[in-house]
Amino acid sequence: MEKILINGGKKLKGKINISGSKNSTLPILFATLLTDDQATITNIPSLTDVDTTIMFLNFIGKNIIKRGNTIKTYPSVNKYKHIAPYDLVRKMRASILVMGPLLSRFRKVCISLPGGCTIGARPIDIHLNAFQKMGAKITTENGYVKTFVRNRLKGTMINFKFPSVGATENVMLSAVLANGDTIISNAATEPEIEDLANVLNKMGSKIIGAGTKKIIIKGVNKLHGFDHAVIPDRIEAATYIIAAAITKGEITLQKVLPQHLRIIIDKLKKCGLYITETENTIFAKWIKELNPQNIKTEVYPGFPTDVQAQWMVLMCLLKGKTSIIEENIFENRFMHVAELQRFGADIIINGKTVKINGVEKFSGAPVMVSDLRAGAALVLAGLAAEGQTIISRIYHLKRGYDMLEKKLKQLGADIRKI
Ligand code: EPZ
């Protein structure tokens, strides 16, 4: 199994391009099931989750080709399948986004229950309740959820008990071809939702309010092809800014949208990091010892749960200073704590909160990745640690970080695969 070896202690310095957003690319790829017309999508990141989605769409019957950072889909020659097998859904939870398009276009879909993952149970009740409200019949047997609708999904009022990102996307992907209007209240407001709505509107849909808590989707009869460039990955960008802070370096991020990281930038400025921005760049430079900032993860525009692990590493190295992190989105997203303690971190878990006592330094250690963002935190810890760090199970990283070693090497890190 491939591992990453890092000789830590190098200040990062230089500039890198931020790649397209993983969490915007995936729903947009599923949206291509809503039409047989050609679509061209650019600024696609090279990630295993993207490859998994392409494989899945090919399995379903979509003619889809990736060349570099561009994906083209073509009219499909064969009938679509309506099933999402367990081994696929287990590998990538976002596979559940196949439900919306297949249900609205072909009126039926059979999908394996996604099962939990390391960060939590991750049920899909909000998705299923919404489809039922739109007229779908749902049965569950031997680990599969069979969903079908006799005629056509009907537009309706849907009020989410929690602003689920995936459920908001799944309802948008189904309501676009429903009969009548659908109004989602308490919708997720993440930038990736807006990006998906922009694509669906390019396809001929009529969606207003994406990015706010109330989204109105007018059902139409047919959707056509589109060209679209995926928005930059705000989580990747946040990870690299923290990498500059933690190694006391300086970094220029290009091809980024600062407004999507507003809370991260504001929090880091409060810590004492020097940050300036233009329309599509962010410059961050360590100029003095940082002070801690407590965080509570929340839905957008609050502090993103996907940056919680990376933030924790930074707080761990603020010598003699205490900070608190509260994780409110997932019930088990502290898997990285035990691994950080191997570097010498002083962290106490208390339910959904951790208390961090900043230490002077980390010593390099062999560690293991549990999930995608925890993996990023371990890389950050290795960059800051004195001595050698060896990170195993790095396949998690390939799911969400495009050219991670290459970009870090470009910034002066001593990192390589072994
Ligand atoms: C999306 O996952 C992201 N994934 C996650 O990023 C991200 O952490 C999450 O949103 C929150 O921002 C993609 O976009 C592909 P949710 P999603 O539905 O849609 C509960 C990463 O690292 N819930 O907003 O699955 C759920 O258990 C990944 O890139 C229900 O209870 O997130 C969780 O506690 C990790 N019932 C909370 O809501 C449901 O039907 C947030 O889940 C759905 C969700």
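Residues numbered from 1 in each chain as written. Predicted model: local features only at pLDDT ≥ 70, side-chain atom pairs only at ≥ 80, totals over all residues. Heavy atoms only, no water.

**Student:** Got a minute to help me understand the site of the ligand in this structure?
**Tutor:** Residues in close proximity to the ligand total 21 residues, the closest being R93, D125, S164, D306 and I329. Within the backbone of G166, an N or O atom sits 2.8 Å from an oxygen atom of the ligand. Within the contact set of the ligand, an oxygen atom lies 2.6 Å away from a side-chain nitrogen or oxygen of D306. Summarising the interface, the protein chains cover 88% of the accessible area of the ligand, which totals 820 Å² for the free molecule. (Near = heavy atom within 4 Å. Polar contact = N/O pair within 3.5 Å; in protein donor to acceptor, adjacent residues only side chain to side chain. Areas by Shrake-Rupley, 256 points an atom, 1.4 Å probe, with all protein chains shown as cover.)

**Student:** Explain the sheet that holds strand β9 (residues 144-148) to me, please; I cannot follow it from the model alone.
**Tutor:** What links the strands of a sheet is backbone hydrogen bonding, and the strands pair in either a parallel or an antiparallel sense. Reading across the sheet, the four strands line up as β6-β7-β9-β8 and stay open at both edges, with mixed pairing between neighbours. For this open sheet the edge positions go to β6 (83-84) and β8 (137-141), each flanked by a neighbour on one side alone. Pairing analysis gives five bridges linking strand β7 (residues 108-112) to β9, with the strands arranged antiparallel. Across the sheet, V109 pairs through a bridge with T147, a residue of β9. (Pairing = 2+ DSSP bridges. Helix = DSSP H or I, 4+ residues; strand = E, 2+ residues; numbered from the N terminus.)

**Student:** So what exactly am I meant to see when it comes to the domain arrangement of the protein here?
**Tutor:** Many analyses report the size of an interface as the accessible area lost when the parts associate. With domains assigned, the protein is organised as domain 1 (4-18 + 232-417) and domain 2 (22-229). A C-alpha centroid distance of 31 Å is found between domain 1 and domain 2. Counting from both sides, the interface comprises 25 residues of domain 1 and, opposite them, 22 residues of domain 2. The contact between domain 1 and domain 2 buries some 1,800 Å² in all, and 49% of this surface belongs to carbon and sulfur atoms. Linking domain 1 with domain 2 are two salt bridges, by the criterion used here. Between E192 and R234 there is a salt bridge; the shortest N-O distance is 2.8 Å. Where domain 1 packs against domain 2, one counts eight residue pairs in polar contact (both at pLDDT 80 or more). At the level of secondary structure, the elements contributing two or more residues to the side of domain 1 that touches domain 2 comprise α12 (372-384) and α13 (395-400). (Domains from an automatic or database assignment. Contact = heavy atoms within 4.5 Å. Buried area = accessible area lost by both parts, 1.4 Å probe. Salt bridge = Lys/Arg side-chain N within 4 Å of Asp/Glu carboxyl O.)

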